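Fold and contact review
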Amino acid sequence: MPADTASVIVKGIGAYVPARIVTNDELSKTVDTSDEWIRTRSGISERHVADPDQATSDLATQAALAAMADANVSPEDIDLIIVATMSPDMAFPSTACLVQSKIGAGCIAAFDITAACSGFLYALETGTRMLKAGDYRHALIIGAEKMTSLMDWDDRTTCVLFGDGAGAVVLGKSDEPGTGVIDSILRADGERPSLLYMPAGGSARPASAETVANHEHFLKMNGKEIFKVAVRDMGKVALDLLDKVGVKPEEVACFIPHQANIRIIESMVARMGVPMDKFLINIDRFGNTSAASIPIALEEARRTGKVKSGDYVLMAAFGAGLTWGASLVKLT
Ligand code: ACO
């Protein structure tokens, strides 16, 4: 039986977004929308879009390599890969297995987690617990999405909101107590799955000529209902977590909310009573990248000096399922 480790720490952070940027103006040439509508309703100005020959595993691999370089670890140091994604390369094998091969890791443990936009936090908690209890040395925790592959470009209520990208962290162990991943709260409520879902392509409704003709292989969303739930639950779970671990909001250097809509973030800020400048906001440049949104923002927070070693970072997310959650990390 392996001994419990004192702390699981973030040893490296990396992110990757495809080079191609699509502005709202460019989108409005093919979709019945406008820069003004998208900006005022969502806060998005542009998003990165993957090339047709780039799959989610390619984005994930680039982010993983960046995180490994930042952590100064090589492929043989990695013995667990978890990829959070709702846009895997294919239903099976897992995207994590494809990443394992692409980064040249050994025959280690690798699997995907599906919790939509909350996926990175679910993966972070799973990886942390596996490192704490098991004999794994380093875990790659990746959030990666090619959301544009799930878009119905005839549905202006969804296709303007999402973008592609990936972010990753390398988790390792430390004997120092009270640092690294402090704690998480994860929640799910499957009572209303069709608030945000893809109707066909699974066992309930296998692909057929009819499902393709009906556009059932695309993301469908009840934006108004999701909005209400997100505003209610994302701020609450963040405060519940701080309460649970005994850290005050003013002790947190940076709050990283899932980047789905600037209005959701503003409501969350108002409910939490935390100054807006403590929030990392980059939705204007990336749109909603689902499971990739938090690690992409975390990488930006660290790179731009918004967070540094010793700082508390609170991450909160919500997404399809419905799922939601929060994680508190003390950077080392
Ligand atoms: N361009 C122009 N007009 C549009 C567009 C568009 N792209 N999309 C919708 N409209 C129109 C609608 O047709 C409607 O017109 P009508 O009044 O004539 O019927 C009008 O704009 C208003 O539409 P609403 O749906 O009321 O707009 P709302 O203010 O609710 O904003 C939005 C919609 C942006 C989707 C918002 O509800 C939202 O952000 N919801 C949360 C969604 C979310 O966070 N999803 C991600 C979850 S995370 C995950 O797991 C992936």
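The shown structure was predicted, so the numbers you read here are calculated from the model rather than taken from an experiment.

1. Observations concerning the layout of surface pockets
- The calculated volume of the largest pocket comes to roughly 630 Å³.
- Class assignment for the residues of the lining of the largest pocket results in 13 nonpolar, 6 polar and 2 charged.
- The residue makeup of the lining of the largest pocket includes at least three contributed by each of domain 1 (3-177) and domain 2 (181-330).
- Empty space within the second largest pocket amounts to approximately 520 Å³.
- Lining the second largest pocket we find 20 residues, and of these Leu161, Met221, Gly223, Lys224 and Asn261 sit closest to its centre.
- Of all elements in the fold, only helix H2 (35-42), helix H8 (223-245) and helix H9 (262-272) reach the threshold of two or more residues within the lining of the second largest pocket.
- By residue number, the principal contributor to the lining of the second largest pocket is H8, which donates 4 residues.
- Counting contributing residues, the lining of the second largest pocket receives three or more from each of domain 1 (3-177) and domain 2 (181-330).

2. Brief notes about empty space enclosed by the protein
- Enumeration over the complete set of coordinates arrives at 1 cavity of 30 Å³ or more.
- Here the largest cavity is characterised by a volume of approximately 40 Å³.
- Ile226, Val229, Ala230, Phe318, Gly319, Leu322, Thr323 and Trp324 are the residues that line the largest cavity.
- For the lining of the largest cavity, the secondary-structure elements that each account for two or more residues are H8, strand E12 (312-319) and strand E13 (323-330).
- Sorting elements by how many residues they give to the lining of the largest cavity places H8 first, with 3 residues.
- Partitioned by chemical class, the residues of the lining of the largest cavity number 6 nonpolar, 2 polar and no charged.

3. Some words on the sheet that holds E13
- The strand order across the open sheet formed by 4 strands is E8-E13-E12-E11, and the pairing between neighbours is mixed. Edge positions in the open sheet fall to strand E8 (180-188) and strand E11 (252-257), since each of these has one partner strand only. Pairwise comparison of adjacent strand axes, ignoring direction, gives a mean angle of 10° for this sheet.
- Across 5 bridges, the pairing between E11 and E12 is parallel.

4. Section: H8
- Helix length check: H8 (23 residues) gives 33 Å between terminal C-alpha atoms against 33 Å at 1.5 Å per residue, within 8%.
- Of all bends in H8, the biggest is about 30°, found at alanine 230.
- Considered for burial, the residues of H8 that qualify are Ile226, Val229, Ala230, Val231, Asp233, Met234, Gly235, Val237, Ala238, Leu241 and Leu242.
- Directly beyond the C-terminal end of H8, a positive phi value near 75° is found at glycine 246.

5. Some points on the site of the ligand
- Residues in contact with the ligand amount to 26 residues; listed here are only the nearest, Thr33, Arg41, Cys117, Lys224 and Asn261.
- Here arginine 156 contributes a backbone N or O atom positioned 2.8 Å from a nitrogen atom of the ligand.
- Within the backbone of glycine 223, an N or O atom sits 2.9 Å from a nitrogen atom of the ligand.
- In isolation the ligand offers 1,000 Å² of accessible surface; the protein chains occlude 76% of this area.
- Among the cavities detected, the one that contains the ligand is the second largest pocket.
- For the shell around the ligand, the secondary structure elements donating two or more residues are H2, helix H6 (156-159), H8, H9 and E12.
- Tallying contributions element by element places H8 first for the shell around the ligand, with 4 residues.
- Within the shell around the ligand, the residues separate by chemical class into 14 nonpolar, 7 polar and 5 charged.
- Of the residues that make up the shell around the ligand, three or more belong to each of domain 1 (3-177) and domain 2 (181-330).

How each quantity is defined
- Residues numbered from 1 in each chain as written.
- Predicted model: local features only at pLDDT ≥ 70, side-chain atom pairs only at ≥ 80, totals over all residues.
- Heavy atoms only, no water.
- 1 Å grid on protein atoms, 1.4 Å probe; cavity = no way out; pocket = protein on both sides within 12 Å on 5 of 7 lines; lining within 4 Å.
- Points joined across faces, edges and corners; volume = space filled by probe spheres on them.
- Nonpolar A, V, L, I, M, F, W, Y, C, P; charged D, E, K, R; others polar.
- Domains from an automatic or database assignment.
- Helix = DSSP H or I, 4+ residues; strand = E, 2+ residues; numbered from the N terminus.
- Pairing = 2+ DSSP bridges.
- Axes fitted to C-alpha atoms, helices over the stretch in contact; angles between N-to-C directions.
- Expected span 1.5 Å × (residues − 1).
- Bend = angle between axes of the 7 residues up to and from the residue.
- Buried < 20%, exposed > 50% of the residue type's maximum accessible area, 1.4 Å probe, protein only.
- Near = heavy atom within 4 Å.
- Polar contact = N/O pair within 3.5 Å; in protein donor to acceptor, adjacent residues only side chain to side chain.
- Areas by Shrake-Rupley, 256 points an atom, 1.4 Å probe, with all protein chains shown as cover.
- Sits in = over half its atoms within 2 Å of the grid points.

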